[in-house]
Each structure stands twice: as structure tokens, then as C-alpha cells.
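# Structural characterization, general
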Amino acid sequence: MVAPKTNEYNLIEAKPFAPNLGAEIYGVDLSQAVSDAQFAEIRDAFLTYQVLFFRDQKEIPPEQHVAFGKRFGPLHAHPAAPTMMGHPEIFEIHATKDSKIANGEFWHSDVSCDETPPLGTMLQIHIAPPCGGDTMFSDMYAAYDDLSEPIKAMLGQLSALHSSEHIYKGRYSDRGKKDTEIDCPEAVHPIVRTHPDTGRKSLFVNRTFTTKILGLSDSESEAILNLLFEHAEHINYQIRFRWNLNDMAFWDNRCCMHRAIWDYWPAERKGRRVTVKGEKPA
Ligand SMILES: O=C(O)CCC(=O)C(=O)O
Ligand SMILES: [Fe+2]
């Protein structure tokens with residue numbers, strides 16, 4: 001188990017963003033290699049706050065971004081998204097006036113359709129719109145904790161299918177990725193998962209990928225999923241992060257969901273994302 005929020009770090013400053021979710025991190029320059037001691041504090045803050053917002057950053061060179069990601073584990077290869085030229089581990093988030101869609105517009109945990117979905121995602125925004133383009137996060141530990149005991153007991157025995165064909169087919173065609181070049185994985189995961197590092201339970205369903213609760217009728221599955229989506233998206237669990245240029249967000253996909261807001265059209269927004277491979281949810 002991680003210690004309660006103390007904010008007693010020596011090498012970084014962690015300023016809580018909201019009482020239960022998120023912290024702004026100061027005092028570390030991610031464009032350079034971080035020391036082992038800094039890394040240990042960052043990792044502790046990541047497990048404590050679920051999403052970190054590194055402020056006052058310079059643009060992180062792709063090699064450095066990849067190296068920082070690898071400190072947390074092997075990197076995750078996205079099944080469908082276009083990668084940065086020369087950097088297959090980097091997924092570029094990009095919306096322009098010509099985009100048909102922007103990434104992540106509905107609540108999700110990244111690539112939860114994979115057998116081993118990513119543990120965390122680190123995104124730096126290096127072309128920002130004049131305003132707008134915020135990203136929202138929702139606390140799935142709190143969403144689980146607030147459920148009643150009978151519902152917790154029922155959900156603890158259930159698993160759900162996470163699918164991706166309805167999301168990934170055609171999605172990246174305007175960015176040069178044909179449907180024949182992409183994978184559309186699906187996987188079954190427990191609805192309640194236990195975080196391997198903190199030992200805390202969280203609700204693990206999301207409106208983007210979760211399509212069916214196994215063992216229930218279609219109408220039971222639909223009704224319960226809708227109840228859980230609405231519960232997990234309640235405003236009390238949310239934060240809304242307003243980016244400054246070169247901020248880097250690093251979120252834990254095992255215990256929080258997120259969604260991007262595309263309110264800045266026709267302005268451009270661009271970022272680079274490195275995703276760290278996770279374990280099979282259990
Ligand atoms: O653009 C964003 O703020 C987030 C997009 C997204 O969902 C992601 O990178 O996983
Ligand atoms: Fe995402």
C-alpha cells in the first residue's frame with residue numbers, strides 16, 4: 001500500500017489538484033534524464049495522486065520521452081494509432097481544422113480492449129490552441145468506494161467485454177492508416193480490479209470500449225453498464241486540466257478514466273504520447 005498523501009518530497013513538489021485526484025508537479029525537468037531518487041518520488045506521487053501534471057516543462061525530445069516512459073516498464077504498442085515518423089513508440093495526438101475526429105472524446109481508459117492494457121500514459125502538448133482543449137479525469141477508486149455493499153458484491157463476480165472495432169475502424173484513415181493495417185483487439189476484464197501497487201479496488205468499465213457484461217442478458221447488461229457509466233462519470237469524481245504549452249500529464253489507466261475536449265476547432269492542438277505496458281487486470 002502507498003502512504004497517505006503527505007506531499008513530503010525532497011526533490012519534487014507535488015501540489016494536490018483536487019482533494020482526491022491529481023497533483024501538479026514542480027521542480028523536475030523532464031527534458032533531461034531524471035535521477036533514481038527523483039524517479040522514486042515521481043513514482044510515489046503517481047501511485048498516490050493517480051494523475052500527475054508536470055508544469056514548467058521544455059519540449060521533451062522524443063528519445064528522452066521514451067526513456068522516461070521506460071523507467072516505468074516496457075512500452076505499449078498501440079494496435080491502431082499512427083506513430084511518429086522514426087519513433088514507433090510515440091503516438092501523436094493531433095487535431096487541425098481538417099480533422100474529422102479528435103482523440104479520446106468520450107470517457108475511457110486507454111486501450112482497455114487489450115489483454116494487457118497500458119498502466120499509464122504520458123502526454124506532452126507542444127502545440128496548444130489559444131484556449132480550450134482541456135482534458136478531464138475521473139477517479140475510479142472513489143467511484144468504486146461509493147457503491148453500496150450489495151452492488152460491490154455483485155460486481156465483484158462479474159467480467160465485461162472490452163471491444164474496439166467500433167472505435168478503431170476508419171478512425172485514422174485521414175491520417176494515412178488503412179483499416180487493413182490496424183488491429184481491433186477485444187478482451188474480457190473483471191469489472192472491479194485491484195491495483196497491483198496500491199492494493200486498492202477500482203471500477204474498470206468505460207463508455208468507449210466496454211460493450212457487454214458476460215453472463216447477463218442483453219437488457220440486464222445494458223442497464224447495468226449504463227448505471228455504471230453514469231456513476232463513474234459523476235462530476236464529484238472529476239477534474240478538468242487546463243494545459244499550458246509543454247505541460248506533461250501522466251495518468252494511471254488502472255484507476256482513472258479521462259476524456260479530451262475538442263472545443264477549439266479550427267485551432268490546432270498537437271502532442272506526443274508514450275504509453276507504458278500494464279499487467280492483465282485482476
Ligand atoms: O488529447 C488529450 O488530451 C487526450 C487524448 C487521449 O485520450 C489520449 O491521449 O489517450
Ligand atoms: Fe486516452
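Here is a short report on the structure shown in this document. Keep in mind it's a predicted model, so treat the numbers as computed, not measured.

## Observations regarding the overall build of the chain
Within the chain, the secondary structure is distributed over six helices and 16 strands. Relative to a compact globule of 282 residues, whose C-alpha radius of gyration would be 19 Å, the chain shows 18 Å and is just as compact. For the chain, the spread of C-alpha atoms along the three principal axes comes to 50 × 45 × 35 Å. When the 282 residues of the chain are sorted by exposure, 56% land in the buried category. Sequence-distant contacts, at least 24 apart, represent 83% of the contacts inside the chain between residues at least 6 apart. About 12600 Å² of surface is accessible on the chain, with carbon and sulfur atoms providing 52% of the total. Across the chain, the centroid of the 30 positively charged side chains sits 2 Å from that of the 39 negatively charged ones.

## A short note on the coordination of the iron ion (ligand 2)
Only His-108 (NE2), Asp-110 (OD) and His-258 (NE2) from the protein reach the iron ion (ligand 2) as donors, at distances of 2.0 to 2.1 Å. Site description for the iron ion (ligand 2): donor spacing in sequence, H-x1-D-x147-H. Of this pair, Asp-110 sits in the loop between β5 (87-95) and β6 (120-127) while His-258 sits in strand β15 (residues 256-260); the two residues are 148 residues apart in sequence, bridging distant segments of the chain. His-258 shares its class with Asp-110; the two are buried.

## Focus: the site of ligand 1
All residues in the neighbourhood of ligand 1 are listed as Ile-93, Asn-103, Gly-104, His-108, Asp-110, Leu-123, Thr-135, Trp-251, His-258, Ala-260, Arg-269 and Arg-273. One nitrogen or oxygen atom from the side chain of Thr-135 is found 2.6 Å from an oxygen atom belonging to ligand 1. A distance of 2.7 Å separates an oxygen atom of ligand 1 from a polar side-chain atom of Arg-273. Summarising the interface, the protein chains cover 99% of the accessible area of ligand 1, which totals 290 Å² for the free molecule. Secondary structure elements with two or more residues in the shell around ligand 1: β15 and β16 (269-276). In terms of residue class, the shell around ligand 1 is built from four nonpolar, five polar and three charged.

## Remarks on unusual backbone geometry
Going from Trp-265 to Pro-266, the amide bond is cis rather than trans, its omega being 5 degrees. Its location among the elements puts Pro-266 in the loop between β15 and β16. Even without glycine at this site, Asp-56 takes up a positive phi of about 55 degrees. Along the chain, Asp-56 turns up in the loop between β3 (51-54) and α2 (62-71). One non-glycine residue, Val-111, adopts positive backbone phi at about 50 degrees. Structurally, Val-111 can be placed in the loop between β5 and β6. Here Val-111 falls in the buried class, since its relative accessible area comes to 2%.

## Remarks on the packing of aromatic side chains
This structure, assessed with the given rule, holds 13 aromatic pairs. Measuring from ring centre to ring centre gives 5.9 Å for Phe-46 and Phe-72, while their planes differ by 65 degrees; the resulting arrangement is edge-to-face. Of this pair, Phe-46 sits in helix α1 (residues 36-49) while Phe-72 sits in the loop between α2 and β4 (83-84), and the two are 26 residues apart along the sequence. Pairing Phe-72 with Phe-250 gives two aromatic rings, centres 4.8 Å apart and planes at 70 degrees, and the pair type is edge-to-face.

## Examining the sheet that holds strand β8 (residues 159-162)
By definition, the strands of a sheet pair up through backbone hydrogen bonds, in either a parallel or an antiparallel sense. Ordered in space as β9-β8-β12, the three strands form an open sheet in which the pairing is antiparallel. What marks the edges here is a single partner per strand, and that holds for β9 (187-190) and β12 (210-213). Ignoring which end each strand starts from, the neighbouring axes of this sheet average 35 degrees apart. Direction of pairing for β8 relative to β12: antiparallel, over a ladder of three bridges.

Reading guide: rules and limits
- Residues numbered from 1 in each chain as written.
- Chains lettered and ligands numbered in written order.
- Predicted model: local features only at pLDDT ≥ 70, side-chain atom pairs only at ≥ 80, totals over all residues.
- Heavy atoms only, no water.
- Helix = DSSP H or I, 4+ residues; strand = E, 2+ residues; numbered from the N terminus.
- Rg over C-alpha atoms; globule rule 2.2 N^0.38 Å.
- Buried < 20%, exposed > 50% of the residue type's maximum accessible area, 1.4 Å probe, protein only.
- Contact = heavy atoms within 4.5 Å.
- Areas by Shrake-Rupley, 256 points an atom, 1.4 Å probe, with all protein chains shown as cover.
- Lys, Arg positive; Asp, Glu negative; His and termini not counted.
- Charge placed at Lys NZ, Arg CZ, Asp CG, Glu CD.
- Donors = N, O, S within 2.8 Å, 3.2 Å for Na, K, Ca; no water.
- Near = heavy atom within 4 Å.
- Polar contact = N/O pair within 3.5 Å; in protein donor to acceptor, adjacent residues only side chain to side chain.
- Nonpolar A, V, L, I, M, F, W, Y, C, P; charged D, E, K, R; others polar.
- Phe/Tyr/Trp six-rings, centres within 6.5 Å; stacked < 30°, edge-to-face > 60°.
- Pairing = 2+ DSSP bridges.
- Axes fitted to C-alpha atoms, helices over the stretch in contact; angles between N-to-C directions.

These results come straight from atomic positions and should not be treated as a statement about function.
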